[in-house]
Amino acid sequence: MPAPSRSRHPSAASVRWWDRRPGRLAVVVLALLTAMATPALAQDALPQAVTTEREMVVTANPLATAAGEKVLRTGGTAADAYVAVQAVLGLVEPQSSGLGGGAFMVWHDGTSGETTTYDAREKAPMSATEDRFAGLGFVQAWQSGLSAGVPGTPMLMEEVHEAHGRLPWQRLFTDGLRLAQGGFELTQRTSDQVAGLLANNTSCSDRLYFRDPVAFDYFTNGSETDCAAKPAGTTMRNKDYADTLKLLRNDGADGFYTGHLAESIAEAVQTDPNIPGDMTTADLAAYDVVEREPVCEDYRGHEVCGMGPPSSGALAVGQILGILEHFDLGDDPLGVEAVHLFSQAGRLAFADRNLYVADTDFVTVPVEGMLDEAYLASRAALITDMDMGTALPGTPPGEFDPTAPQPASTENGTSHVSIVDRWGNAVSVTTTIESSFGNGVMVPDGGFLLNNELTDFSFAATAADGTPIANRVEPEKRPRSSMSPTIMFDESGELELVTGSPGGSRIIGYTAQSIINVVDFGLDPQEAINVPHHQNRNGSTELEAPIPGVTWDYDVDALRAALQARGHNVTVGSLESGLSLVEVVDDGLVGGADHRRDGAVGGR
Ligand code: GLU
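To start, this report covers the structure provided alongside it.

### Considering the packing of aromatic side chains
What the rule picks out here adds up to 12 aromatic pairs. Pairing Phe-210 with Phe-219 gives two aromatic rings, centres 5.8 Å apart and planes at 55°, and the pair type is tilted. Its relative accessible area of 2% is what places Phe-210 among the buried residues. Here the aromatic rings of Tyr-218 and Phe-219 are separated by 4.8 Å at their centres, their planes lie at 80°, and the arrangement is edge-to-face. The buried category is assigned to Tyr-218, whose relative accessible area is 11%.

### Describing the state of the cysteines
With the rule as written, the count across this model stands at two disulfides. Here Cys-204 connects covalently by a disulfide to Cys-227, the sulfurs 2.1 Å from one another. Between Cys-204 and Cys-227, the S-S torsion sits near -85°, and that sign places the bridge as left-handed. Of this pair, Cys-204 sits in the loop between α8 (188-198) and α9 (213-219) while Cys-227 is found in the loop between α9 and β6 (235-236), placing the two residues 23 residues apart along the sequence. Just as Cys-204 is buried, Cys-227 falls in that class too. Each sulfur of the disulfide joining Cys-296 and Cys-305 lies 2.1 Å from the other. Given an S-S torsion of about 110°, the disulfide between Cys-296 and Cys-305 has right-handed geometry.

### Digging into the sheet that holds strand β18 (residues 588-593)
Sheet architecture is open: seven strands sit in the order β1-β18-β17-β13-β12-β9-β8, paired in antiparallel fashion. In the strand order of this sheet, the two ends are held by β1 (50-52) and β8 (295-299), each with one partner. Neighbouring strand axes in the sheet, compared pairwise and without regard to direction, differ in orientation by 20° on average. Pairing analysis gives six bridges linking strand β17 (residues 580-585) to β18, with the strands arranged antiparallel.

### Re the pairing of β8
Where burial is concerned, the two faces of β8 differ: the one with Val-295, Glu-297 and Tyr-299 is buried and the one with Cys-296 and Asp-298 is not. Two elements, β8 and strand β9 (residues 302-306), share five bridges in a ladder whose sense is antiparallel. Its bridge partner lying in β9, Val-295 is registered against Gly-306. Linking β8 to β9, which pair antiparallel, is a turn of two residues; within it Arg-300 sits at a positive phi near 50°.

### Quick notes on helix α6 (residues 153-164)
In this model, α6 (12 residues) spans 16 Å end to end at C-alpha, consistent with the 16 Å of a helix rising 1.5 Å per residue. Considered for burial, the residues of α6 that qualify are Thr-153, Pro-154, Met-155, Leu-156, Met-157, Val-160, His-161 and His-164.

### Looking at the sheet that holds strand β11 (residues 426-432)
Spatially, seven strands are ordered β7-β4-β3-β11-β10-β2-β19 in an open sheet, and the strand pairing comes out antiparallel. Edge strands, defined here as strands with exactly one partner in the open sheet, are β7 (290-292) and β19 (600-603). With direction set aside, neighbouring strand axes in the sheet form an average angle of 15°. Relative to β19, strand β2 (residues 56-59) runs antiparallel, the two being bridged by four bridges.

### What about the nonpolar core?
Membership of the largest hydrophobic core comes to 83 residues, with the highest contact counts inside it found for Tyr-82, Leu-156, Phe-173, Phe-210, Phe-219, Ile-265 and Ile-419. Per-element tally for this core: the top contributor is helix α4 (residues 78-92), with 12 residues. Excluding its chain neighbours within four sequence positions, the residues that come into contact with Ile-419 are Met-56, Val-57, Leu-72, Ala-78, Ala-81, Tyr-82, Asn-425, Ala-426, Val-427 and Val-498. Leu-334, Ala-349, Ala-380 and Leu-559 belong to the second-largest nonpolar core, a separate cluster that totals 59 residues.

### Focus on the packing of helix α15 (residues 336-356) against helix α20 (residues 556-564)
Relative orientation and spacing of two packed helices are given, respectively, by the angle between their axes and the distance between those axes. Where α15 meets α20, the axes come as close as 10 Å, and the angle between the chain directions of the two elements is 60°. Compared by their axis directions, α15 and α20 come out oblique. Seen along the crossing, α15 lies across α20 with a hand that is right-handed. Side by side, α15 and α20 meet where Val-336, Val-339 and His-340 of the first sit next to Leu-559, Ala-562 and Leu-563 of the second. Looking at the contact of α15 with α20, its residues break down into five nonpolar, one polar and no charged.

### Remarks on the packing of helix α3 (residues 62-73) against helix α7 (residues 174-182)
Here α3 crosses α7 at 145°, and the two axes come no closer than 9 Å. Here α3 contributes Leu-63, Ala-66, Ala-67 and Lys-70 to the contact with α7, which in turn contributes Asp-175, Arg-178 and Leu-179. Its residues assigned to classes, the contact of α3 with α7 comprises four nonpolar, no polar and three charged.

### Considerations on the side chain of Asp-359
Tracing the backbone through its elements, the reader meets Asp-359 in the loop between α15 and α16 (367-370). Buried charge without a partner: Asp-359 forms no salt bridge, and the closest opposite charge is Arg-292, 4.1 Å away. Polar side-chain contacts of Asp-359 include one of 2.9 Å to the backbone nitrogen of Arg-478. If we ignore the near neighbours within four places in the chain, the residues touching Asp-359 are Arg-292, Pro-310, Lys-477 and Arg-478.

### Description of the pattern of salt bridges
When the charged atoms of two side chains with opposite charge come close together, those side chains can pair. Within this structure, the stated rule accounts for 29 salt bridges. Note that Arg-379 is salt-bridged to Asp-352, the shortest N-O span being 3.4 Å. Taken together, the positions of Arg-379 in helix α17 (residues 373-380) and Asp-352 in helix α15 put the pair 27 residues apart, joining distant regions of the chain. Accessibility assignment for this pair places Arg-379 and Asp-352 in one class, buried. Of the charged contacts in the structure, one is a salt bridge between Glu-544 and Arg-596, with a shortest N-O distance of 2.8 Å. With a gap of 52 residues between them, Glu-544 in strand β15 (residues 541-544) and Arg-596 in the loop between β18 and β19 connect regions that are remote in the sequence. Grouping residues by exposure puts Glu-544 and Arg-596 together as buried. Connected through salt bridges with shared partners, the residues Asp-119, Lys-123, Asp-288, Arg-292, Asp-361, Glu-476 and Arg-478 form a single ionic network.

Criteria and thresholds
Residues numbered from 1 in each chain as written. Predicted model: local features only at pLDDT ≥ 70, side-chain atom pairs only at ≥ 80, totals over all residues. Heavy atoms only, no water. Phe/Tyr/Trp six-rings, centres within 6.5 Å; stacked < 30°, edge-to-face > 60°. Buried < 20%, exposed > 50% of the residue type's maximum accessible area, 1.4 Å probe, protein only. Disulfide = S-S within 2.5 Å. Helix = DSSP H or I, 4+ residues; strand = E, 2+ residues; numbered from the N terminus. Pairing = 2+ DSSP bridges. Axes fitted to C-alpha atoms, helices over the stretch in contact; angles between N-to-C directions. Expected span 1.5 Å × (residues − 1). Core = buried A, V, L, I, M, F, W, Y, C linked by side-chain atoms within 4.5 Å. Contact = heavy atoms within 4.5 Å. Parallel < 35°, antiparallel > 145°, perpendicular 65-115°, else oblique. Left-handed = near helix turned anticlockwise from the far one by under 90°. Nonpolar A, V, L, I, M, F, W, Y, C, P; charged D, E, K, R; others polar. Lys, Arg positive; Asp, Glu negative; His and termini not counted. Salt bridge = Lys/Arg side-chain N within 4 Å of Asp/Glu carboxyl O. Polar contact = N/O pair within 3.5 Å; in protein donor to acceptor, adjacent residues only side chain to side chain.

Given below as structure tokens:
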């Protein structure tokens, strides 16, 4: 076996970051020189990887990254940094994640070498029944109290801090509090997303989106005659959010799950102006974060570990990689062969995912069988030079409950955070309130939005023939997810890559593609993000239209034609990932952030 190319997380003494990839200074100098010589070229210059010596945090927002960076610099662990990052994200990127939502985290302990996962997925209330969404379209269900699951994020913050933190809990809310009280600038992205939803309303007074007066006042001009989205650059203050952070800071997660805030959450759900929901204070008091074994798959000598059920993330990413391992992807990340093979592996993985994956506390999922080597070899053997059309699920070894495939449903929103600290601990966490602005209701006195995660359940409980669908609604069950927080290790088990993305069910493809871009095509984390996306969720083959200044430019028409010649039904459009990558190299860390969103890398 060849010697590992990457060492254990570098100690400060062994750092020689200038050896490996261009560092931050080199990048800045290069960019300046380029700007002076060729202004047009500089305008098109793509984001460059950032190199640091010993710690790094990548999030979807510069203020959140800065909060995490500060915690790392002052001796905090990756767990501490996550708490600070989450407190800020819920304020400055409120449409994507927050205290009213849930998350999945993969944690790697740099000292013991152990890896574990935390399931902080929202749970259905105890009174939920399988006909919860019967007769409802997605929009009606989304914009209602029925879609709100019991939040998991505040408890995750507390649990990972207790297990892996070093700094006092109280210190981790400094940035969140300062920004909530002192104000921060509304981003273009948030403002645009508010406007996008408002455009679906009939009028300012007759509105489904931002039906809740608290959210309406906070995000829009707030009158019955002028309800435009607040413009980017508006100074936002959120006193209620500051109060909630103080409650968390002083009383811990208990302050959230019991007492007046819990009452306020339950009431907001039960008095929803569209369709009231049924979450109670007892549901909140009973919430639990579950620590689960990671689900891991070998890929060309690397071990790729992620979140098992109720997420389909690690299983689907693992199946895609396990199938691709049977092929040579060539040397062009956008070559027709690579794109074709990736699409076929995606089809096969999604066929299995849609049939088998759900919360394993309720249904039996053939987790090991789905990643069984011989089984994946048999799946890979189904791939030819032509598009296979709709893939059927296979029969993996192992036990599973009788189940019918879940019809396709809508998913989007969310944020991904990747962190490595000076001890070599790593956090990969995907955090969500499901759709843009969750279910649209801001908890009065809470300053945060509620999630609509329960729309990730199958709306139908059974197939036409009565066979139950694994991911049907059941009391206290967690809905299936696509979130794929991932940590990859090299052949000697050393930490190598932290990755993950938002993007609904496209998360699986974004994450798997980031891995092959690093492993198969040798790209650095930023290049891996800058490559335009392509994927197939067992439907059409989706290609990302290039974005000037953000993604590589490429001849999308030529690729489309080449795929069509192989029988693909191709669509071209926006594939808006939010990848956050940290790679451990011999002498430091290399990070990449997604400029399709507001991603930012920090550290030193
Ligand atoms: N709710 C989705 C899931 O858990 C994530 C939504 C998104 O990323 O946009 O898979």
